[in-house]
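What the coordinates show
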Amino acid sequence: MQLLWLPAFLLFCTGLALLWLARRRRQASGLPNGAVIYSDTGAEQSVAAPLISRRHGLIGKPDYLIEARQGTARTMIPVEVKSRSRPGKLPFGHILQLATYCLIIEEIYGVAPSHGILRYADGSYTIAYTAELRRAVLEAAEGIRAVRSASDVPRSHQDALRCDHCGYRPGCGQQAL
Ligand code: SF4
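Below is a summary of the structure that appears in this document.

Right, let's get into the overall build of the protein chain. Looking only at helices and strands, the protein chain has 5 helices and 7 strands in total. Written out in order from the N terminus, the α and β elements of the protein chain read α-β-β-β-β-β-α-β-β-α-α-α. Considering only contacts within the protein chain whose residues lie at least 6 apart along the sequence, 58% involve residues at least 24 apart.

Here it is as structure tokens:
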């Protein structure tokens, strides 16, 4: 009779352990607190639809989009996961990619993210979504549109490794050596 409380106690302990495990997993993933409202990590059965900014003609698929709430304030945080370790300096291309997601999210949800997160194998980095970065995204998009209609586009980098892994290398003629 006295042992009737035992199953309930064990259930309670299991619940606590599961909660702790879920929290540990979340911390290990580097994701901020909040609800995951979008994910394109390939872990799901269905393929995530891309996020689109019709106004700026931009399209993107962040690895995660987190909806975080502070009181009544709501903010969206895009998270981009890179499997490699962080190179010496944060590549501006990665920052621009994250800021592009911020711009798209701003249009879709009507609220500009305050920041996004770049997650590398060895750490996460918070990138503030500033007016300057927003401008850089728009300028880059404009630049891409301009070169699309150009007949000849010079190589914009000296990254031989990037060329080694590029699918256009066989017909490129400009690959870095
Ligand atoms: S091979 Fe050509 S297209 Fe590919 S990354 Fe290098 S320069 Fe660019």
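On to the sheet that holds strand β5 (residues 73-81). Remark on secondary structure: sheet strands pair via backbone hydrogen bonds, oriented parallel or antiparallel. The strand order β1-β4-β5-β6-β7 describes an open sheet built from 5 strands, whose pairing is mixed. Looking along the sheet, the strands with just one partner apiece sit at the ends: β1 (35-39) and β7 (123-128). Geometrically, the sheet is characterised by an average inter-axis angle of 25 degrees between neighbouring strands, direction not taken into account. Sheet topology places strand β6 (residues 115-120) next to β7; 6 bridges connect them, and they run antiparallel. Bridge pairing links Arg 119 to Ser 124 in β7. In this fold helix α2 (residues 92-109) packs onto β4 (64-70), β5, β6 and β7, with an angle of close to 145 degrees to the strand it touches most, β5.

This part covers the pairing of β6. Sheet topology places β5 next to β6; 3 bridges connect them, and they run parallel. Looking at the pairing, Val 81 lines up with Arg 119 of β6. Handedness of the crossover joining β5 and β6 through α2 is recorded here as right-handed. Where β6 hands over to β7, the hairpin turn is made up of 2 residues, counted between the paired strands.

Counting residues in hydrophobic clusters, the biggest one holds 22 residues, and the most contacted among them are Cys 102 and Ile 105. Looking at this core, the element that brings in the most residues is α2, giving 7 residues. Leave out the neighbours within four places in its chain, and Ile 105 touches Leu 51, Leu 65, Met 76, Pro 78 and Pro 113.

Bringing α2 into the picture now. Because the α-helix completes a turn every 3.6 residues, residues three or four places apart line up on one side. With 18 residues, α2 extends 25 Å from end C-alpha to end C-alpha; this agrees with the ideal 26 Å at 1.5 Å per step. Those residues of α2 lying buried are Leu 98, Ala 99, Thr 100, Tyr 101, Cys 102, Leu 103, Ile 104 and Ile 105.

Every residue lining the ligand is accounted for by Arg 155, Arg 162, Cys 163, Cys 166, Tyr 168, Arg 169, Cys 172, Gln 174 and Gln 175. Among the secondary structure elements, those contributing two or more residues to the shell around the ligand are α4 (160-164) and α5 (169-172). Across the shell around the ligand, the residue classes break down as 4 nonpolar, 2 polar and 3 charged.

Rules of the game
- Starting afresh in each chain, residues are numbered from 1 along the sequence in its written order.
- This being a predicted model, a pLDDT of at least 70 is required before a residue's local features are given, and a value of 80 or more before pairs of side-chain atoms are given or counted; all residues contribute to the totals for chains, interfaces and linings.
- A run of H or I in DSSP counts as a helix once it spans at least four residues, and a run of E counts as a strand once it spans at least two, with each numbered from the N terminus.
- Contacts here follow a simple rule: the backbone-placed C-beta atoms of the two residues must lie within 7 Å.
- Strand pairing requires that DSSP identify at least two bridges connecting the strands.
- Think of each axis as a best-fit line through the C-alpha atoms, taken over the contacting stretch in the case of a helix, with angles from 0 to 180 degrees between the N-to-C directions.
- By convention, orient the strands away from the viewer: a clockwise path from the first strand over the helix to the second makes the crossover right-handed.
- Here a nonpolar core is just a set of buried residues of the types Ala, Val, Leu, Ile, Met, Phe, Trp, Tyr and Cys, joined wherever their C-beta atoms sit within 7 Å.
- Exposure is read from a count of other C-beta atoms within 10 Å of each residue's own; the residue is exposed at 12 or fewer, buried at 20 or more and partly exposed in between. C-beta atoms are placed from the backbone.
- The span expected for a helix works out to 1.5 Å for each residue beyond the first.
- Only the C-beta atom, placed from the backbone, is used; a residue is near a molecule or strand if that atom lies within 6 Å of it.
- Amino acid classes used here: Ala, Val, Leu, Ile, Met, Phe, Trp, Tyr, Cys and Pro are nonpolar; Asp, Glu, Lys and Arg are charged; the rest, including Gly, are polar.

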